[in-house]
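Chain by chain, the residues run as shown.
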Amino acid sequence: MNAAVSDFDRGDVLIEDGVIVEVAERIDAPDAAVIDATDRIVLPGFVDTHRHTWQTAFRGVGADWTFADYVVAVHGTLKPHYRPEDVYLGNLLGRLEALHSGVTTMLDWFHAAQSPEHADAALAGLRAVPGRSIFCYGAGYRTDDQIDAEVRRVRSDVPEDGLVTMALGLRGPGEATMDMVATDLKLAADLGLRTSVHVDGLTGGRPIAELREHGLLFDTTTFVHANGISDDELRMLADAGSSVSISPDVELKMGFGWPMTRRMLATGLRPTLSIDDCPSAGGDMFATMRTAYAVQRGLDGGLNSRDLLKFATVDGAQACGLAARTGSLTPGKDADIILLRANDPTAFPVTDPAGTIVAAGHPGLVDTVLVAGRVVKRDGQLVGMDLSALQTRLLESRNRIAAAAGISLDGTWRPHTESE
């Protein structure tokens, strides 16, 4: 995924102190430890630019939900019963899932900070996993003073150069005044934080134009979803250097509308990809790429498989402010690398690697994962994690929350919304 270097049928990647120092067909390094990548596709790890990881315990329960169902169920019914320990386990197991499936960099869009202890637990869950994570603290519906103090407190404990860094989740134009948005953006600038915000144009408004009128479009903001945003507003985002994140599975299933992939490209934006939430969608980038690809091909025949790989690697790293550190196999970048099994019966024979990954890829192909040169998954198994014990704790967490919320886990629960 380095535009300056072609793909190799057979190649070497040399890593020193966690950093890629050379990529070539053959490298002479007799003293190096060797990871045998025979019958493996070697590529940069995936980048997920938006995931609500704390919800992991309720995987699959929202497969049939609309967005209105999701809001009532997750935020109205379940979230009030989350304790800090529940947040910790959700983030830990959710981040492990992402790492297991080849997501080396993930932005955790956290909007369950019901107390400082909840925020600290979410951060601790990310830190317990050897992945590159961005803790995106969602401001939520609190006063400016409350947000300011709490974000500054969390920021003081998150260095800029660690594997776990920080961003700020804005109160968006659909849920806050322009003055509130401006306050959040000033706070982020003061603390050196990038920002992320959910936005759409489905109700007939022009949120991007309104932000531009107030001078609130910046190249440090990622706009999530953006379904229904007009072409001229997309060009405003492109002109500002902003980035976008689409979650095709959730957007299609929950009624957001068609993913905006091709329209974004036409206006100069580079889309990035994200999972969003695991109660409603699968947590791996392979399925996300495939949905985005198939939908756009069905709509207008646009995109090719390499486009999708760029969205999931190079473009995702750029949107997260990490283009200098990850996203491609480039000397000077950290060694965030995944090895996919090319001899797996579901992928063999691999004639076009990019096409195979996008059309037929799945987490079962992920053999080895490195983050900053550290092997965190080897021979298909996560390294140094007692997965069974953690899964037992997550089940206990899920069952306790469900009992407290008074809901059934027998597959019949569907939240009651006002539209019903």
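What comes next is a walk through the structure. This structure is a prediction, so every number in the text was calculated from the model and none was measured. (Residues numbered from 1 in each chain as written. Predicted model: local features only at pLDDT ≥ 70, side-chain atom pairs only at ≥ 80, totals over all residues. Heavy atoms only, no water.)

### Side note on the nonpolar core
We apply this condition: Each nonpolar core is a collection of buried residues, namely Ala, Val, Leu, Ile, Met, Phe, Trp, Tyr and Cys, held together in the definition by side-chain atoms within 4.5 Å. Buried means the residue's accessible area, taken with a 1.4 Å probe over protein chains only, is under 20% of the maximum for its type, while exposed means over 50%, and partly exposed covers the values in between. A helix here means a DSSP run of H or I that spans at least four residues, while a strand means a run of E at least two residues long, and both kinds are numbered starting from the N terminus.
Ranked by internal contacts, the top residues of the largest apolar core, which has 103 residues, are Phe46 and Met289. When residues in this core are grouped by element, the largest group, eight residues, is from helix H2 (residues 84-100). With ten residues, the next largest nonpolar core counts Val47, Trp109, Ala317 and Cys320 among its residues.

### Points about the packing of aromatic side chains
The relative placement of two aromatic rings is captured by the distance of their centres and the angle of their planes. In plain terms, the rule: In summary, the pairing rule links any two rings of Phe, Tyr or Trp, Trp by its six-membered ring, whose centres are within 6.5 Å, and it sorts them by plane angle into stacked for under 30 degrees, edge-to-face for over 60 and tilted for everything else.
The final tally for this structure, using the stated rule, is seven aromatic pairs. Pairing Trp65 with Trp413 gives two aromatic rings, centres 5.6 Å apart and planes at 85 degrees, and the pair type is edge-to-face. Of this pair, Trp65 sits in the loop between strand E4 (46-51) and helix H1 (67-78) while Trp413 sits in the segment after helix H14 (387-405), placing them 348 residues apart in sequence. Among the residues examined, Trp65 registers a relative accessible area of 3% and is labelled buried. Ring geometry for Phe110 and Phe135: centres 5.6 Å apart, planes at 35 degrees, overall tilted. Placement of the pair is Phe110 in strand E5 (residues 103-110) and Phe135 in strand E6 (residues 132-138), with a sequence separation of 25 residues. Accessibility expressed as a relative area gives 0% for Phe110, which makes it buried. Overall, Phe135 belongs to the buried group, its relative accessible area being 0%. The structure contains a cluster of three or more aromatic residues connected by ring pairs, namely Phe67, Tyr70 and Phe256.

### A closer look at the side chain of Thr368
Short version of the rule: Nitrogen and oxygen atoms within 3.5 Å of one another constitute a polar contact, given that in protein one can donate a hydrogen and the other can accept it, and given that sequence-neighbouring residues count only through two side-chain atoms. Contact criterion: two residues are considered in contact whenever any of their non-hydrogen atoms come within 4.5 Å of each other.
Within the element layout of this structure, Thr368 appears in strand E13 (residues 366-371). Engagement of the side chain of Thr368 in a polar contact is seen with the side chain of Asp367, the distance being 2.6 Å. If near-sequence neighbours (up to four positions away) are discounted, Thr368 is found in contact with Ile337, Ile338, Leu339, Val375, Lys377, Arg378 and Asp379.

### Things to note about the pattern of salt bridges
Put simply, the test is: The salt bridge definition used is simple: a Lys or Arg side-chain nitrogen within 4 Å of an Asp or Glu carboxyl oxygen.
Under the definition given, this model contains 24 salt bridges. With a closest N to O distance of 3.1 Å, Asp190 and Lys186 form a salt bridge. Taken together, the residues Asp190 and Lys186, both in helix H5 (residues 178-191) and four residues apart, mark about one turn of the helix. Residue Asp190 is classed as partly exposed on the basis of its relative accessible area of 44%. On the basis of relative accessibility, which here comes to 54%, the residue Lys186 falls in the exposed class. Because the salt bridges share partners, they merge into one network encompassing Asp48, Arg51, Arg59 and Glu97.

### Focus on the sheet that holds strand E3 (residues 40-44)
The following threshold applies: Pairs of strands are assigned from DSSP output, requiring at least two bridges between the strands.
Pairing in this open sheet of five strands is antiparallel, and the strands run E3-E12-E13-E14-E15 from one edge to the other. Of all strands in the sheet, those with a lone pairing partner are E3 and strand E15 (381-382), marking the two edges. The sheet contact formed by E3 and strand E12 (residues 337-341) spans five bridges and is antiparallel. Along E12, the bridge assignment pairs Arg40 with Arg341.

### Details of the packing of helix H4 (residues 144-155) against H5
The following threshold applies: Note on method: axes are straight lines fitted to C-alpha atoms, helices fitted across the in-contact stretch only, with angles between N-to-C directions ranging 0 to 180 degrees. Angles are sorted into four bins: roughly parallel if under 35 degrees, roughly antiparallel if over 145, roughly perpendicular if 65 to 115, and oblique for all others. A crossing counts as left-handed when the near helix is turned anticlockwise from the far one by less than a right angle, and as right-handed when that turn is clockwise.
For the pair H4 and H5, the least separation of the axes is 11 Å and the interaxial angle reads 20 degrees. Put simply, H4 runs roughly parallel to H5. Crossing angle aside, the handedness with which H4 passes H5 is right-handed. Side by side, H4 and H5 meet where Asp144, Ile147, Asp148, Val151, Arg152 and Arg155 of the first sit next to Met180, Thr183, Asp184, Leu187, Asp190 and Leu191 of the second.

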